[in-house]
Amino acid sequence: MELNKDTIPRYLQERHADIALFDADAELIAEEIGDGNLNFVYRVFDAADPRCSLIIKQAPPYIKILGPAYPLTTQRLTYECRTLEVYHQLAAGAAPAPHYFDAENAVIVMEDLGGYHLLRDALIAGNVNPAIPAQIGTFLGRVHRETRAEQAAHYRKHFDNTEMQAITADYVFTLPFTEHETNFYTPGLADKVAQLKTDEAFLQKARALKSIFLTEQLGVTHGDLHTGSVMVHGDSAKIIDAEFAFYGPVGFDIGLFWANYCLSYFSHTGTAAVQAQLKTALVRTWESYAAEFKAGGKTDTLQHIFHTAAGFAGMEVLRRLIGAAHVKDIEGILDAQRKLQAETAALEFGVTLVKQYESTATVTELCALL
Ligand SMILES: Nc1ncnc2c1ncn2[C@@H]1O[C@H](COP(=O)(O)OP(=O)(O)OP(=O)(O)O)[C@@H](O)[C@H]1O
Ligand SMILES: [Mg+2]
């Protein structure tokens, strides 16, 4: 059953007792808000009291923006729901509270983060709040520490999201560096992209990182933690969109988060104050992560997580420049020359990070590569 704004009020009314957020006879109004590519997302509110609202997210059995010819497992919402539950248990308030899940129709009903907006948009506007990376770092440190295999083995089998993991493996580690119809990039980058495809030192590291991505099982990994998966309001940050979550190499979350701050860094070339704040954000992310992770008394994997995070960050920067999915921070640069400069610098940074991820030992060293 595919929901739409006309059928949602009745769908919710029929499940009113399970959801228990509005009166049985409330007049509900649904509007589509999703700017995402994969799923349908609606906000639903009580006509008599618009502050009483919720979010309903449904995964169709295909990629929303491409249509039914592009199938995609609806199981993705089962993993998103499990992730919201784990986050809620380990760090209540760090993600929207899950209210109801309908596995048959791949529907999640969750808390509406009214007043929150995407972290990516804040960074594009040059609003770099150091409290946000500190919160995300602490949150990740706790989730990664508490879901370690020796801590709780059951997570591994609950997060066997192999289909979505395989998609990430292709789109981050392989396709951008081959001839593929989904790749696109600024023509001025063509020579550098061609070089990369034959750079054996780079390709060998990319293969090593892909193998870590596919085989390492350290903890519950969000799997898509870019700055469009974080919503912010003042000093508060909340994590959304966990459909790629899997039991994997937790450094991937730090790496993606860092990479998207780095892309923002290159987009703000010429604005030294914002760039300095973005570097501080990278440091804050790691410091708060490490402090929280170590609070469990476990330190032996931390340096390994750092190295892999650095390598994954490099891969993420590169695929956002030449692969299928680019970022607004860079695509929004209207001056073609400035855009090419930002992309060229980001590409060089990404390549260096991938080649040197094993020898980059501290976040200060990582910042020095920017
Ligand atoms: N709980 C929420 N409260 C408020 N707004 C939300 C909430 N969840 C999602 N949104 C809004 O809806 C948008 C799409 O949500 P989400 O990213 O989960 O969808 P998606 O289709 O999985 O996206 P993607 O293509 O990035 O995978 C978000 O960018 C955000 O603006
Ligand atoms: Mg999504």
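Residues numbered from 1 in each chain as written. Chains lettered and ligands numbered in written order. Predicted model: local features only at pLDDT ≥ 70, side-chain atom pairs only at ≥ 80, totals over all residues.

Some words on the overall build of the protein
Piece 1. Per the secondary structure count, the protein includes 15 helices and twelve strands.
Piece 2. Judged by the C-alpha coordinates and their principal axes, the protein covers about 65 × 50 × 40 Å.
Piece 3. Within the protein, the proportion of its 370 residues that are buried is 42%.
Piece 4. Across the protein, the fraction of contacts at a sequence separation of at least 24, relative to all contacts at a separation of at least 6, is 73%. (Helix = DSSP H or I, 4+ residues; strand = E, 2+ residues; numbered from the N terminus. Buried ≥ 20, exposed ≤ 12 C-beta atoms within 10 Å, placed from the backbone. Contact = placed C-beta atoms within 7 Å.)

Section: the pairing of strand 10 (residues 230–233)
Looking along a regular strand, one sees the side chains alternate between the two faces of the sheet.
Piece 1. Inspection of the sheet shows strand 8 (residues 117–118) paired to strand 10 by two bridges, in the antiparallel sense. Each residue of the ladder has a partner; that of His 117, found in strand 10, is Val 232.
Piece 2. With four bridges connecting them, strand 10 and strand 11 (residues 236–239) associate as antiparallel partners. Residue pairing for strand 11: Val 232 is matched across the bridge by Ala 237.
Piece 3. A loop of two residues connects strand 10 with strand 11, the two strands running antiparallel in sequence, and Gly 234 in this loop sits at a positive phi of about 60 degrees. (Pairing = 2+ DSSP bridges.)

Some points on the site of ligand 1
Piece 1. Gly 36, Asn 37, Asn 39, Leu 113 and Asp 241 are the nearest of the 20 residues found near ligand 1.
Piece 2. When residues of the shell around ligand 1 are traced back to their parent elements, those giving at least two are strand 3 (49–58) and strand 7 (107–111).
Piece 3. Residues belonging to the shell around ligand 1 are distributed by class as follows: nine nonpolar, five polar and six charged.
Piece 4. Mapped onto the domain boundaries, the shell around ligand 1 takes at least three residues apiece from domain 1 (8–111) and domain 2 (117–368). (Near = placed C-beta within 6 Å. Nonpolar A, V, L, I, M, F, W, Y, C, P; charged D, E, K, R; others polar. Domains from an automatic or database assignment.)

Observations concerning helix 12 (residues 302–322)
Piece 1. Between its terminal C-alpha atoms helix 12 stretches 31 Å, which fits the 30 Å expected from 21 residues at 1.5 Å a residue.
Piece 2. Taking burial as the measure, the 21 residues of helix 12 include 17 buried ones, the bulk of the element. (Expected span 1.5 Å × (residues − 1).)

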